[in-house]
Structure formats: C-alpha cells, structure tokens
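Listed below, chain by chain, are the residues.
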Amino acid sequence: MPAMGARILVVEDEPQLRSLLRLYLERDGHAVADAGDGPTALAAFDRDGADLVILDLMLPGMQGETVLEALRDAGDVPVLITSAKRSDAERIAGLRAGADDYLPKPFNPHELTARVAAILRRSRGAAVDAPPPIISLDRGRLVLDPGSRRFTVAGGEPGRLTPGESALLVALAARPGAVLARQQLLDVVARRPDEVFERVVDVHVANIRRKVGDDAGEPWLIETVPATGYRLVANVDPVP
Ligand code: CA
C-alpha cells in the first residue's frame, strides 16, 4: 500500500455504487472495506477501525444518522456523508452532527476522491506535523491542546473539538482581536468556496460555542462581526 493510502470504510447499500467507490478509492492507493448496512458497518469499524468513513445516510434498517452518532461516540474518525438529501438544511444538520464533509448525490467520483484527499490531508496534517503549542486563553479559562484537540474550560466539562473546529479556533487565537472574514476561516478548514460551505464556518463556531459554553449574545470567546466574520475576544495567555 502506498504511503498515502488510508483505510477507508464505505457504507453504501447500493451494490453498484459501492463497487464503483471501491474501484476509485483503491486506484488512489487506499485499502477499502465496505458494508451495505449500519450494523455491518459498525461491526467492521469496531473490529478493524478506519482512517475515514464514507457514509450514505439513507440505509435500510439503521439510518445513517444513527451510524454517525455511534461513530462519534466511538471517537473522532473523519466522516464524509454522501446523500441524496441535498437541501442546505440537511447538509448543515449533517455537519452539525459531526460529519467532516457532505457530498450530495449524485456526485462525480473524482469529486469524491478529491474530498477524501482533502479530509485525509487535514486529519493527517494534525497528526504528522509537530504538535502546535497548547493555547491558553483568559488565564486558563479555556485551554486547548491542538495536537489532541482536547480542551478544558473553567466551570464546564472537558471535551474535544473536531479537526475543523480546532483549526478554526487556532486561527482565531493566532490573531487575537483581529476580525477574520468567513472566507479566510473557510480556507483554514479547507472547504469548498461556495455559499453553502461558507456556512460551515458558522456551524463550526456554533459547535465550539456549545462545547465551551460561549454565548453568542455576550461572548467571552468568539464574537460575531456581522456580515464579515469572527474575532477572538478572549486574551491569549503567554506561552509558559
Ligand atoms: Ca442509500
């Protein structure tokens, strides 16, 4: 297997599409396991793990949303949703539930392999590069280790950010007080530069706020700058 090959689990109930995805992914040097339904997929993931899961939402029996939930409970494997549900609301719901990307059906297989490469680059970038320094804000009110993406927050439960959320917060913390436009932040999380996916930035910010107990109305962490983007309002503590 080439160095860049990843272990990819394809969850898709349509046999022809499953074979097609396998063909394309294997051609890119990935090791592919597949499953036609949710329970089979979760059993395979439990047994063998995966570096990335490609998940169809409309599955017989257990729904893809339930599979996503179980995967999120198990850890932070990147998930790319493929679905015929294509409204903005449904895409945003998928991202909010913890998917890393959402590709509406029907899709061009080249588009899929490009998205897979982008997701793997992001998740590996975090693992391969020297771990960025721990970020401490407001005298330790929030402490984030971008390497593990684990955080602690005063008065709240410790938790973990997704790769996209962590990258976004790191970018904001690199320029405290400066307004960063959605498009700049979108570049950080490496999404498609179309209107729908600019909203990915908003979803990531909403998720961060929920996890760390920030209040959009009276923020101590991230302030929304209307029609522009976001800025970090917390102070960045000096690196000890
Ligand atoms: Ca399906």
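As shown above, the structure is provided for reference.
Anyway, here's the lowdown on the structure attached to this text. No experiment lies behind these values; they were computed from the predicted model shown.

Analysis parameters
Residues numbered from 1 in each chain as written. Predicted model: local features only at pLDDT ≥ 70, side-chain atom pairs only at ≥ 80, totals over all residues. Heavy atoms only, no water. Pairing = 2+ DSSP bridges. Helix = DSSP H or I, 4+ residues; strand = E, 2+ residues; numbered from the N terminus. Axes fitted to C-alpha atoms, helices over the stretch in contact; angles between N-to-C directions. Contact = heavy atoms within 4.5 Å. Donors = N, O, S within 2.8 Å, 3.2 Å for Na, K, Ca; no water. Buried < 20%, exposed > 50% of the residue type's maximum accessible area, 1.4 Å probe, protein only. Arc of directions from axis to C-beta.

1. A look at the sheet that holds strand β1 (residues 7-11)
Each strand in a sheet pairs with its neighbour through backbone hydrogen bonds, running either in the same direction (parallel) or in the opposite one (antiparallel).
No. 1: Spatially, the 5 strands line up as an open sheet ordered β2-β1-β3-β4-β5, and their pairing is parallel. With one partner strand each, in any of the chains shown, β2 (31-35) and β5 (101-104) form the two edges of the open sheet. When the angles between neighbouring strand axes are averaged without regard to direction, this sheet yields 20 degrees.
No. 2: Strand direction decides the pairing type here: β1 and strand β3 (residues 52-56), joined by 4 bridges, are parallel. Across the sheet, the residue bridging to Leu 9 is Val 53, located in β3.
No. 3: Packing of helix α2 (residues 38-48) onto the sheet brings it into contact with β1, β2 and β3, and relative to β1 it is tilted by some 165 degrees.
No. 4: Packing against the sheet, helix α3 (residues 64-74) makes contact with β3 and β4 (79-83), and its axis sits at approximately 160 degrees to β3.

2. Brief notes about unusual backbone geometry
In most cases, non-glycine residues show a negative phi, while peptide bonds are predominantly trans.
No. 1: In the segment running from Lys 105 into Pro 106, the intervening peptide bond is cis, with an omega of -5 degrees.
No. 2: Along the chain, Pro 106 falls in the loop between β5 and α5 (109-128).
No. 3: Despite not being glycine, Asp 138 has its phi angle at roughly 45 degrees, a positive value.
No. 4: Positionally, Asp 138 belongs in the loop between β6 (135-137) and β7 (142-145).

3. Regarding the sheet that holds β7
No. 1: Taking strand neighbours across the sheet as the criterion, the 4 strands line up as β6-β7-β8-β9 in an open arrangement whose pairing is antiparallel. The open sheet terminates on both sides in strands that have one partner only, identified here as β6 and β9 (159-160).
No. 2: One ladder, built from 2 bridges, connects strand β8 (residues 150-153) with β9; its direction is antiparallel. Looking across to β9, one finds that Phe 151 is bridged to Gly 159.
No. 3: Packing of helix α6 (residues 163-174) onto the sheet brings it into contact with β6 and β7, and relative to β7 it is tilted by some 115 degrees.

4. Examining the coordination of the calcium ion
No. 1: Here the calcium ion is held by Asp 13 (OD), Asp 56 (OD) and Met 58 (O), and the distances to it run 2.1 to 2.4 Å.
No. 2: Each donor residue of the calcium ion lies on the same chain, and together they follow the pattern D-x42-D-x1-M.
No. 3: Overall, Asp 56 belongs to the buried group, its relative accessible area being 3%.

5. Here we look at helix α7 (residues 182-189)
No. 1: Within α7, burial applies to Arg 182, Leu 185, Leu 186 and Val 189. Buried residues of α7, viewed axially, fall in a sector of 105 degrees; they line one side.

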